[in-house]
Amino acid sequence: MNETNGKNSGILSMQSGLMRGLTQAVNVVLLSFWFWVGCIPVMTIGASLIAAYRVALKMTYDEDDYVAVTAEYWKGFRQNWKHGIVYTLLAGAALYSAWMAWQLFEVSTGNPIGFLLLAVLLVFVVALHALYTFPLEARYAQTVHITLRNARRMVRVYWQRTFVILGLLAIEFLFFFTVNSVLVLLGRVFGPVVFILTISGVITPALKKIEKENGIYEDISEE
């Protein structure tokens, strides 16, 4: 019995650090591929984000690296493509407005600071909503209005986690896009999924807490 357990806990065991690391790497590569495929029509960027979060949250909720990435991604894509298009349009409209405000700041006489502040505000609002809207949409079946409202509430209630997320994303962004050209290329390909996994890992404890308080989540580790 002890000999068998020793073999199962060896370096080639599915639960060993090496195998878990390799599995995570494969998951990132595969999920990145499907994420970019889902973004090809542009209008479905939101749906692709939701589907990617579905996979990432399944990994972080259950602390299980062995997720059927392809099946889970496309299941999430099919279930959420309508809402995904709505989010794409909302974000696109806000970001286009920010770009227009920036252009007005650039070309207007005296460079009115109001246009610059408006551009920054719009980008900031979109970014904060995006941190929670897509994972909430991936996890719960709610209307767009309720999801956006809950995203704003989570920014307010879990402001400390929000700052942690922003800090981690800033570090990852600097790592990928300021060190060398190889990392820039890797960041362009795999960066979005790495960011999604980071956000999922940070917000999972908050989501579990909310679900426990509402009686819809059971932590099997406590049994």
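In this text, all values refer to a predicted model and were calculated from it rather than measured experimentally.

Here is what the cut-offs are and how they apply
- Residues numbered from 1 in each chain as written.
- Predicted model: local features only at pLDDT ≥ 70, side-chain atom pairs only at ≥ 80, totals over all residues.
- Heavy atoms only, no water.
- Helix = DSSP H or I, 4+ residues; strand = E, 2+ residues; numbered from the N terminus.
- Buried < 20%, exposed > 50% of the residue type's maximum accessible area, 1.4 Å probe, protein only.
- Contact = heavy atoms within 4.5 Å.
- Areas by Shrake-Rupley, 256 points an atom, 1.4 Å probe, with all protein chains shown as cover.
- Core = buried A, V, L, I, M, F, W, Y, C linked by side-chain atoms within 4.5 Å.
- Phe/Tyr/Trp six-rings, centres within 6.5 Å; stacked < 30°, edge-to-face > 60°.
- Lys NZ or Arg CZ within 6 Å of the ring centre and 35° of its normal.

Quick look at the overall build of the chain
On a plain count of helices and strands, the chain comes out with eight helices and zero strands. Reading the secondary structure of the chain in the N-to-C direction produces α-α-α-α-α-α-α-α. Residue burial in the chain is summarised as follows: out of 223 residues, 39% are buried. For the chain, long-range pairs separated by at least 24 residues make up 67% of all intrachain contacts whose partners lie at least 6 apart in sequence. Surface exposure of the chain reaches about 13100 Å², of which carbon and sulfur atoms provide 68%.

Things to note about unusual backbone geometry
Positive phi values are uncommon outside glycine, yet Val42 reaches one of about 70 degrees. With respect to the helices and strands, the residue Val42 is situated in the loop between helix 2 (17-39) and helix 3 (45-62).

Considerations on the nonpolar core
Side chains that are nonpolar tend, in soluble globular proteins, to be buried together. Counting 45 residues, the largest nonpolar core has Tyr132, Ile165 and Leu207 as its most contacted members. Mapped onto this core, the elements with two or more residues apiece are helix 2, helix 3, helix 4 (69-107), helix 5 (113-139), helix 6 (144-157), helix 7 (159-178) and helix 8 (181-213). Sorting elements by how many residues they give to this core places helix 3 first, with eleven residues. Other than its neighbours up to four places away in sequence, Tyr132 contacts Ala151, Met154, Val155, Tyr158, Arg161, Thr162, Ile165 and Ile203.

With respect to the packing of aromatic side chains
Enumeration over the complete set of coordinates arrives at 13 aromatic pairs. Measuring from ring centre to ring centre gives 4.9 Å for Phe33 and Trp34, while their planes differ by 65 degrees; the resulting arrangement is edge-to-face. On the basis of relative accessibility, which here comes to 47%, the residue Phe33 falls in the partly exposed class. Ring geometry for Phe175 against Phe176: centres 5.5 Å apart, planes inclined by 65 degrees, an arrangement best described as edge-to-face. Positioned above the aromatic ring of Tyr61, the side-chain terminus of Arg139 is 3.6 Å from the ring centre. Note that Lys208 overlies the ring of Tyr61, its terminal NZ or CZ placed 5.9 Å from the centroid.

Everything listed here is a matter of geometry and, on its own, says nothing about what the molecule does.
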